[in-house]
Structures are given as structure tokens and as C-alpha cells.
Amino acid sequence: MTSSELKPIARQLRRDIMKMLMISKSGHSGGPLGLSDIFAALYFKILKLDPKNPGWSERDYFFLSAGHLCPVWYATLARRGFFPTSKLSTLRQINSNLQGHPAPSYTHGVPGIEIASGALGQGLSVAVGCALAVTLDKKPNSVYCLLGDGELNEGQVWEAMMTAGHHKLANLIAIVDRNHCQIDNRTDKVMEIEPLADKWRSFNWNVIECDGNNIDDFLAAVDKAKVRNGKPTVIIAQTIMGKGVSFMEDDYKWHGVPPNEEQGKKALSELAPTEMGDFVTFDWEK
Amino acid sequence: MLKLASTDMKATRLGFGEALVELGHENPNVVVLGADVTGSVRTDLFMKAFPDRFFSVGIAEQDMISTAAGLAVAGKIAFASTYGEFAVGRPFDQIRQSLAYSRLPVKICASHCGITVGPDGATHQSLEDIAIMRVIPHMTVATPCDYFETKKMIKASIHWNHPIYIRFFRDNTPVFTDAQTPMEFGKANTLINGTDVTVIACGLQVWEAVLAEEILAGEGISVRLLNMHTIKPLDKDAIIKAAKETGAIVTAEDHQIHGGLGGAVAEVLAQSVPTPQEFVAVRDTFGESGKGEELMRKYGIAKDDIVAAVKRVLSRKKK
């Protein structure tokens, strides 16, 4: 699939996210919108997977460490065929599989999710364990882990970085969603994490920087990361929180809130419909 | 009185280390994680035998638990081990989210538990771990009474499809079970079948209870002794039966009085057969440095404390 085919998928994911949050009236807007390009690229181009057999032993493993970003993950998994898109209207509601923070299908979550996340800072360690297992079995699978930049405040992430470097896990690719925003403020106001690339390098990682809202740039970064040279690789993806919705872009206040009806309508008007079609048509759209 | 299988002294942690090596030979998917104290918790034995399947994470217990979860996601049978205080206290959030909520059957194997870790003092004496682990949904909590039971428990754990916390100890302690003594998770072992009172003990307090029973038998008191090696899931049937048949319960553990074995037993009694119960446990206080035996006496969890508790509960027993 080419980037020109992936772009409308990313736009549809953004429409899905907005509609999901308009229905749930609860959840995170900014981060998921900013990650739609990366999720379209991962699930429709990069990851080796089989939606009909989520536990396929040859699959690439994907871990979303920053669980609160799950609206984009749910939309992506549904669009990729892991479960029906009609379920997207049940986000955060009682008796739904779409929990506020992700859970695996064998608890009460959805297929395609390997482990729960939500409490921050655990995912990279999990990915390290998975990469150790794959290495031990001499299998070709790649292991991906997506982290938020605010999440890097958590000490455990640095423990996992050390462990991955120590064990030279060349099959491990971390992706940092570098949108410079976290719940309270911009990241440099809450906790300065720069020089970020130098920090990862000093933990014995390869570092690749890219524009996470440019699909071609991100695909090229992953191609580079897949060249295994005896070290784990991190892709620091510069993204814009709220990307695609003008009044949400680069504003940390959109970290953890949904749009109200008026804001949602405005957001959808900025995201042109795609051939894939929405999972729900609101009365006012008819 | 208990007919002793043997009177050897051997450490539960050695039973753990030896069982891991046996499992390593039997199952290529068994892997072990170490957080730098491998010689102490005896994972050094596995590390030497199977260096490819031993993973060092450094002194990083949170990372160790989540890494074990990742190994389990990819199909490995992961054992994570360190001292009890650090196995539970530091990575609570990781155990709750990555293991219990995610239902990954990782084995957390905690050595150096309880007050008998002695000279190291209160910072290293895990007296809250049973309570902390017991309150998490889906967790199994077990604690062996001696070397053989530890071995059996570790070997059985790979067929137990739930996250499990196994609590054992540093010191050499009496070996009073043998290779044939049954060990089934969730099933109490009745060591002595008395009629006047039941002592329900776990871990090292099972031996203290054996010694207490000798004293009480000499005074004409018939004690039933249950080794409650699994605290969750708890053998409710055995507790209810004991309450109905003996009418008085004493619990004994190397743990805080709140939330441990005694609390678990009280929850069962209150809901089914309200029965007088006395608690032998550490009374909501931290320990201190000293020899294990000295501390057991000072903090009220030695054989004499069990004897005294039995007499108290008998005085409360309905005539």
C-alpha cells in the first residue's frame, strides 16, 4: 500500500476518533488524532499480522504503552478487520469491550491487544520481554512499542531502555510520540526530557528522528529501523497533538477531553469523508 | 503428634533453586529473570545450567515484572524472583496491570520473606506481602512450609494457569514433609487431626505449630493442624469443616495481622460459621534487626505464642 492510499485511511481514523468521542463524551482527543498517520502506516503497511488469527505465531508484536491513546488503536483494529466497526460506538460504555484503557481479549478487551496498558511506563518492559522470547526462539518477528513523550517521565521506561540496550535487542523498535504535550502542560514545562535523542543513544539504542505526521517519512524511518545492527532502535516521531482538527492542534488542553457536539461537528467538517464510510451516521448528518 | 519424615535443616530457597533446574531440563519454555540477587534467591543454579534462558534486568523490579509479562505474551513460562519486600512492594502496579488484569501466568517467587530475614532489619522484612497480593483479583498466593513443599509448589506452578505469588524464606528450616506429602494448590493439608481446636498455619509457622501441638498434647488438648499453604484460593471447605468439628480456630503466620492468612480465614468464618478465632501474627508494627528466632519470640509468632493463643481461644469456645 502506498502513502497516497494510506492518507485517506488516516483521515478516516480521525473521523472515527471524533465520532467515538462524541458518542462516549469521555476520552482522549489530541494524542489519538496526532497518531492517526502512524497507526494507518503500522496496521495497513508495516506490521505482519492476520486479523482473523490475532495470535498468529509469525505476527509482529505491537504494544501501546500509553494506553490512553487507545481510541486510535480501536479505530485502527476495527478498520483492519479485528472486530466490527459497529463496536466503535460503544467506547467507554458499560458491557463494552472497548475499555477506557485497553485490555486484551482474554480479559474483557478486544482481539489484537496483547496486554493491558493505562498505568504508564510498563509497555517498553513488556516489549523487551517479548523481544527476548523471540530472540531466544531465533524467530524473525519484530516487536514494536509506542510510548508517549510525557510517559518518559516514568522511571521504569529508563529501566527498560537499559535492559534492551544491555541485551542488544535488535528486533525491538520503540516509537516515541513526540508531540511535546502532556496533561498538565507542554512537556518542557512539566518535565524537561531533552536532549532526548542523546539520552536514548547513551542507553545504547539507535535513534531515528522523523515527522510522524508525514507517512512517507515515517515509512522510511521504519525501513531504516528494520535494518538490524545489534542494537534496539527508537524512532522519535515528531507529531502534532490534535493533528487534522485546526482548533485542537498543538494545544495540550486537548490531551484528555472529548469534543462537545458543536466542536465535534466543526472537527468533522475539517476531515473530509472517505470511501470507507463512517461507522455511524448521526441524525444531523442525514 | 506429627510423625516426622526427617529432621534435616534445609532452606526453602534451595528447594526453589533446585526445582527451577529440574523444570529447566523438563521444559524448554521455562525462563528465569534475575534482579541481581541471584545467589541469595538461588536462581544462580538455573543461571549456570541454562545461561541462554536466564535474563538479568539489573536491580529493577518493576522492569522485571513487566519483562516477565512480555515473555509470557510470547509463550514463555517466566519465573521472576527477588526478595519478598522488593518483589511486591515496588512493582505493585506492574503486577496488578501487566500480570493480574492481563491474566498472564507469570510466577513471582519471593525469597527472604517475613521477619526471619532477621539481621537485615525492617526494610527487608516483608510482612505485608500476603495482604498486598491477596487483594488483587486473579492472583494466587501460596507459601510453602519447608524445602520439599517449596520444590513441589514450584514444579506444580507451571501447570497453574494464573499469575501466582510464592513466598518463601532465607534460613535453613526443619524439613518435615517428604517427596510423597501431597501439595495441591487450594487444598489444605491436614497434618494432625485433633478435635478440641484447629490451628491453621502457613509458611514457617507450620513448624512452630507442630512444636506447639506437642506441648498442648502433653496438657491433654487435642489440636487439629492445617497447613494452609495456599492463601488464595483459600480452602474454605477445610476451614468450615474445622470450625464445625472443633469450634475454635487459631491462625498463625509470619506476617502482619491485617490482611494475611488470619484475615482470610476470618472472612470465611464470618460468612459461614462464626467461630472464636485468635490471631498469631505481627501486631501492626515494623520489625527490627536480630536473629530470626529472637524476632519470632519478640514479635509474638513463635510456638509459645501459638500455645497461648490456643488457650485463649479455648476459653472463648462455646461450651
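Just so we're clear, the structure is a prediction, and the values are computed from it rather than from any experiment.

Asks: What is the right way to read the pairing of strand β11 (residues 223–227) of chain B from this model?
Replies: Where a strand is regular, its side chains alternate between the two sheet faces. All names here are of chain B. β11 sits mainly inside the fold: five of its five residues count as buried. Along β11, one buried face is formed by Val223, Leu225 and Asn227 and the opposite face, lined by Arg224 and Leu226, is buried too. Taken together, the three bridges between strand β9 (residues 189–192) and β11 define a ladder with antiparallel strand orientation. Opposite Thr190, over in β11, you have Leu226 as the bridge partner. Relative to β11, strand β10 (residues 197–201) is paired through five bridges, and the arrangement is parallel.

Asks: What's the story with the interface of chain A and chain B in this structure? I'm lost.
Replies: Where the parts come together, the accessible area they lose is often given as the size of the interface. Facing 25 residues of chain A, the contacting portion of chain B comprises 25 residues. Looking at the side of chain A that touches chain B, the elements that each hand over two or more residues are α4 (123–136) and α5 (155–166) of chain A. Ranked by the residues each element gives to the side of chain A that touches chain B, the list is headed by α4 of chain A, at 10 residues. A class-by-class count of the residues in the side of chain A that touches chain B yields 16 nonpolar, seven polar and two charged.

Asks: Teacher, can you tell me more about helix α13 (residues 303–316) of chain B here?
Replies: Look at α13 of chain B: 20 Å from first C-alpha to last across 14 residues, which is about the 20 Å you get at 1.5 Å a residue. On its buried face, α13 of chain B sits against β10, α9 (205–218), β11, β13 (249–256) and β14 (277–282) of chain B.

Asks: Would you mind showing me how to read the sheet that holds β10 of chain B here?
Replies: Sheet strands pair via backbone hydrogen bonds, and the direction of the pair is either parallel or antiparallel. Residue and element names in this part refer to chain B. Strand order across the open sheet formed by five strands is β9-β11-β10-β13-β14, with mixed pairing between neighbours. Each edge of the open sheet carries a strand with a single partner, namely β9 and β14. Averaged over all pairs of adjacent strands, the angle between strand axes in this sheet comes to 25°, irrespective of strand direction. The pairing of β13 with β14 spans five bridges and is classified as parallel. Each residue of the ladder has a partner; that of Ile249, found in β14, is Gln277. Most of the contacts of α9 go to β11, to which it runs at about 170°, and overall it touches β9, β10, β11, β13 and β14.

Asks: Could you clarify how one ought to interpret the domain arrangement of chain B in this entry?
Replies: Residue and element names in this part refer to chain B. According to the domain assignment, chain B consists of domain 1 (9–174) and domain 2 (189–314). Once you take the C-alpha centre of each, domain 1 and domain 2 turn out to be 25 Å apart. If you look at the interface, domain 1 gives 26 residues, while domain 2 gives 30 residues. Listing elements by their share of the side of domain 1 that touches domain 2, those giving two or more residues are α7 (129–134), β6 (140–142) and β8 (172–174). When grouped by side-chain class, the residues that make up the side of domain 1 that touches domain 2 number 13 nonpolar, eight polar and five charged.

Asks: What is the right way to read helix α9 (residues 261–270) of chain A from this model?
Replies: An α-helical segment advances 3.6 residues per turn. Residues three or four places apart therefore align on the same side. Residue and element names in this part refer to chain A. Gly264, Ala267 and Leu268 are the residues of α9 that are buried. Buried residues along α9 cover an arc of 95° about the axis, so they all sit on one side. The exposed residues of α9 that point more than 90 degrees off its buried face are Glu262 and Ser269. On the buried face of α9, the contacting elements are α1 (3–24).

Asks: Is there a simple way to explain the packing of α5 of chain A against helix α4 (residues 61–73) of chain B in this structure?
Replies: To describe two helices that pack against each other, one gives the angle between their axes and the distance between the axes. One can describe the packing of α5 of chain A onto α4 of chain B by two numbers: an axis separation of 9 Å at closest approach and a directional angle of 70°. Relative to α4 of chain B, the element α5 of chain A is oriented roughly perpendicular. In this structure, the crossing between α5 of chain A and α4 of chain B has a hand that is right-handed. Residues Gln156, Glu159, Ala160 and Thr163 of chain A of α5 of chain A lie in contact with α4 of chain B, whose contacting residues are Gln62, Asp63 and Thr67 of chain B. Grouping the constituent residues of the contact of α5 of chain A with α4 of chain B by class yields one nonpolar, four polar and two charged.

Each value, and the rule that gives it
Residues numbered from 1 in each chain as written. Chains lettered and ligands numbered in written order. Predicted model: local features only at pLDDT ≥ 70, side-chain atom pairs only at ≥ 80, totals over all residues. Buried ≥ 20, exposed ≤ 12 C-beta atoms within 10 Å, placed from the backbone. Helix = DSSP H or I, 4+ residues; strand = E, 2+ residues; numbered from the N terminus. Pairing = 2+ DSSP bridges. Contact = placed C-beta atoms within 7 Å. Nonpolar A, V, L, I, M, F, W, Y, C, P; charged D, E, K, R; others polar. Expected span 1.5 Å × (residues − 1). Axes fitted to C-alpha atoms, helices over the stretch in contact; angles between N-to-C directions. Domains from an automatic or database assignment. Arc of directions from axis to C-beta. Parallel < 35°, antiparallel > 145°, perpendicular 65-115°, else oblique. Left-handed = near helix turned anticlockwise from the far one by under 90°.

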